[in-house]
Amino acid sequence: MSDVLALVEARLHTTFGKPDARAAVTFLGTDRIEVLRFIGPGDGNAGEDVVRYVTLGMSAQPMADPTSPLADPLRGPRAELVLTVRPGRADTDQALRPLAVLAASPQVEGLVVAPGASLDTGEPLWPGAPFTSVLVAEPGGLVEDLELDAPMDPVRFLPLLPMTPNEAAWKRVQGAAALEERWLRHGTDLRDPLRGGVPLG
């Protein structure tokens, strides 16, 4: 377990540099989840920094199908979560605990977190946030998959896209691809912690 997490952290350091802060959360009956904060250049406007919050600990164990009678200790999907926001517009550091809760959900609830899924935090992602859930996006664009020794699956780094309640309800009916297309069509800044919901009419 610790070897996997050491490799994950090394991949994050290679991609984003050293974290400027980290916090640990432990839930009853689960392994410790850390959230690392990285501040660095975004991939948009030149010179504009972004803050990335990345979980560390979710990938220690493979995610198991909750209908399976026996969990395989080696095989199964592994992932960590990545949330990217623009700094200085909201107290986004308060997202650390909700992110840790989401990262612990495979252990606590037997969830298999995959692209296209919705994850509900049950509370605003940070104080005053209009988002209480996130859409899990496709990995690979931000942090490359981390290959592990066979028979273990690679660790995937899954971006989280905050959703307003209306967007989450619309996504449940129309699907993730339709919501992402709507965001793209309206030029939605998904990293703006104060953004409003996209028009859904």
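Coordinates for the structure precede this section.
Keep in mind the model is a prediction, meaning the values are calculated, not measured. (Residues numbered from 1 in each chain as written. Predicted model: local features only at pLDDT ≥ 70, side-chain atom pairs only at ≥ 80, totals over all residues. Heavy atoms only, no water.)

For the bond from alanine 150 to proline 151, the omega torsion is 10°, close enough to zero to count as cis. Take proline 151: it is sitting in the loop between β6 (133–136) and β7 (155–163). (Helix = DSSP H or I, 4+ residues; strand = E, 2+ residues; numbered from the N terminus.)

Inside soluble globular proteins, nonpolar side chains tend to come together where they are buried. Counting 28 residues, the largest nonpolar core has Leu81, Val113 and Trp126 as the members making the most contacts within it. For this core, the secondary-structure elements that each account for two or more residues are β2 (33–41), β3 (49–56), β4 (78–85), α2 (96–109), β6 and β7. Top element by residues in this core is α2. It accounts for five residues. Residues contacting tryptophan 126, with those up to four places away along its chain left out, are Leu83, Val85, Ala90, Asp91, Thr92, Gln94, Ala95, Phe131 and Pro193. Formed by 16 residues, the second largest nonpolar core is a distinct cluster that contains Leu5, Leu12, Val54 and Leu56. (Core = buried A, V, L, I, M, F, W, Y, C linked by side-chain atoms within 4.5 Å. Buried < 20%, exposed > 50% of the residue type's maximum accessible area, 1.4 Å probe, protein only. Contact = heavy atoms within 4.5 Å.)

All right, on to the pairing of β7 then. With eight of nine residues buried, β7 is to be regarded as a mostly interior element. Where β4 lies against β7, six bridges are found, and the strand directions are parallel. For leucine 83, the partnering residue across the bridge sits in β7 and is leucine 160. In terms of strand pairing, β6 meets β7 through four bridges, oriented antiparallel. Across the sheet, residue serine 133 finds its bridge partner in β7, namely methionine 163. (Pairing = 2+ DSSP bridges.)

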